[in-house]
Amino acid sequence: DIMDKKELKAKLTQLQYSVTQEGGTEPPFDNEYWDNKEPGLYVDIVSGEPLFSSADKFDSGTGWPSFSKPLDEKLLLFSDDYKLRLPRTEVRSKNSETHLGHVFPDGPAPAGLRYCLNSASLRFIPLKDLEKEGYSEYLSLFR
């Protein structure tokens with residue numbers, strides 16, 4: 001069961017809460033994972049659901065963690081976002097409705113997508129800790 005707002009405010013930092021619950025955006029180049037090159041999984045900070053792999057992470061030059069594809073698109077929700085002048089496609093985690101970031105059509109081949117995410121929406125689990133953290137089914141991604 002997903003936590004209520006009060007529990008989330010206690011669990012998350014102010015920035016994490018603003019980004020995940022209020023659709024905020026963290027500053028580029030000044031966030032936890034934009035430059036992380038370590039192998040591992042990126043999970044929803046609210047639900048712990050595995051969403052992205054370091055194997056699909058690339059340097060987009062934007063200052064935010066960017067991925068060419070999710071582990072499973074069915075775990076994500078997509079919606080039109082008109083907060084800026086140009087419409088964007090917002091990406092949320094399906095089960096917790098955590099705001100993750102946006103997806104853009106300027107990523108690498110073959111799909112040409114760039115999932116531009118907020119570090120504040122994610123928790124990184126290093127490859128060496130996958131088993132200990134209960135994510136051993138994902139070890140095969142790194143073999």
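The coordinates are above.
A quick note: this is a predicted structure, and the numbers were derived from the prediction, not measured.

Here we come to the packing of aromatic side chains. This structure, assessed with the given rule, holds eight aromatic pairs. When the ring of F52 is compared with that of Y115, the centres are 5.5 Å apart and the planes differ by 55 degrees; the resulting orientation is tilted. Taken as a pair, F52 in strand β2 (residues 50–53) and Y115 in strand β8 (residues 114–117) lie far apart in primary sequence, 63 residues in all. Overall, F52 belongs to the buried group, its relative accessible area being 0%. Grouped by ring-pair contacts, the aromatic residues Y33, Y42, F52, F67, F78, Y115 and F124 constitute a single cluster.

The next point concerns the side chain of E49. Considering the arrangement of structural elements, one finds E49 in the loop between β1 (40–44) and β2. Within the local environment of E49, its side chain forms a polar contact with the side chain of N95, the two groups lying 2.9 Å apart. Those residues in contact with E49 that lie beyond four places of it in its chain are Y42, V43, D44, L75, S93 and N95.

This part is about the sheet that holds β2. Overall, antiparallel pairing links the three strands, which are arranged β2-β1-β9 in an open sheet. With one partner strand each, in any of the chains shown, β2 and β9 (122–126) form the two edges of the open sheet. Going from strand to strand, the sheet's axes swing by 30 degrees on average, the running direction of each strand aside. Taken together, the five bridges between β1 and β9 define a ladder with antiparallel strand orientation. The residue bridging L41 from the neighbouring strand is I125, located in β9.

Reading the values: the criteria
Residues numbered from 1 in each chain as written. Predicted model: local features only at pLDDT ≥ 70, side-chain atom pairs only at ≥ 80, totals over all residues. Heavy atoms only, no water. Phe/Tyr/Trp six-rings, centres within 6.5 Å; stacked < 30°, edge-to-face > 60°. Helix = DSSP H or I, 4+ residues; strand = E, 2+ residues; numbered from the N terminus. Buried < 20%, exposed > 50% of the residue type's maximum accessible area, 1.4 Å probe, protein only. Polar contact = N/O pair within 3.5 Å; in protein donor to acceptor, adjacent residues only side chain to side chain. Contact = heavy atoms within 4.5 Å. Pairing = 2+ DSSP bridges. Axes fitted to C-alpha atoms, helices over the stretch in contact; angles between N-to-C directions.

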